[in-house]
Amino acid sequence: MEPEVKEFLTRISFSIGIVVLWFTINSTAGIMFDFAFIHDHVTAGNIIFYIWFAISIFLMVKLLIRLWKNKPQ
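Attention here is on the structure that accompanies the text. (Residues numbered from 1 in each chain as written. Predicted model: local features only at pLDDT ≥ 70, side-chain atom pairs only at ≥ 80, totals over all residues. Heavy atoms only, no water.)

### Some words on the packing of aromatic side chains
Aromatic ring pairs are defined here through the distance separating the ring centres and the angle between the ring planes. Taken as a whole, this structure holds 4 aromatic pairs when the rule is applied. Look at Phe 49 and Phe 53: their rings are 6.1 Å apart centre to centre, the planes differ by 35°, and that puts the pair in the tilted class. Linking Phe 49 with Phe 53, this pair stays in helix H2 (residues 44–69), spanning 4 residues, or about one helical turn. By relative accessible area, Phe 53 is classed as partly exposed at 29%. (Phe/Tyr/Trp six-rings, centres within 6.5 Å; stacked < 30°, edge-to-face > 60°. Helix = DSSP H or I, 4+ residues; strand = E, 2+ residues; numbered from the N terminus. Buried < 20%, exposed > 50% of the residue type's maximum accessible area, 1.4 Å probe, protein only.)

Below is the structure:
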């Protein structure tokens, strides 16, 4: 396999892996542990979850932009 194609497929698989890992962590914490839903009042778990959600999506997007911005030589 040519090095350019291998590097491109590595980028794609890394990107998919990061997004799936991020989605799995956040859906587990939010849905299974019930932190994403506000029932009667806002709890500390809701606040921590949404702060984590905002920070983690920002960092994930920043990582993916940096990954795809670097052009192979």
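### Observations concerning the side chain of Asn 26
By the secondary structure assignment, Asn 26 is in helix H1 (residues 3–32). Excluding its chain neighbours within four sequence positions, the residues that come into contact with Asn 26 are Ile 31, Phe 49, Trp 52, Phe 53 and Ser 56. (Contact = heavy atoms within 4.5 Å.)

### Thoughts on H2
A rise of 1.5 Å per residue sets the reference length of H2, with its 26 residues, at 38 Å; its end C-alpha atoms lie 37 Å apart and thus fit the reference within 8%. Of the surrounding elements, those touching the buried residues of H2 are H1. (Expected span 1.5 Å × (residues − 1).)

### Re the packing of H1 against H2
Interaxial distance between H1 and H2 falls to 11 Å at its minimum, and their mutual angle equals 180°. Taken together, the axes of H1 and H2 are roughly antiparallel relative to one another. Listed contacts from H2 to Phe 8, Arg 11, Ile 12, Phe 14, Ser 15, Ile 18, Val 19, Trp 22, Ile 25, Asn 26, Ala 29 and Gly 30 of H1 are Phe 49, Trp 52, Phe 53, Ser 56, Ile 57, Met 60, Leu 63, Leu 64, Leu 67 and Trp 68. Among the residues forming the contact of H1 with H2, the class breakdown is 17 nonpolar, 4 polar and 1 charged. (Axes fitted to C-alpha atoms, helices over the stretch in contact; angles between N-to-C directions. Parallel < 35°, antiparallel > 145°, perpendicular 65-115°, else oblique. Nonpolar A, V, L, I, M, F, W, Y, C, P; charged D, E, K, R; others polar.)

### Re the pattern of salt bridges
Close approach of charged atoms lets side chains of opposite charge pair. Tallying each qualifying case throughout the model produces 1 salt bridge. Here Arg 11 ties to Glu 7 by a salt bridge, and the two come within 2.7 Å at their closest N and O atoms. Of the two residues, Arg 11 and Glu 7 are both situated in helix H1; the distance of 4 residues between them amounts to about one turn of the helix. Classification of Arg 11 by relative accessible area gives buried; the value is 9%. (Salt bridge = Lys/Arg side-chain N within 4 Å of Asp/Glu carboxyl O.)

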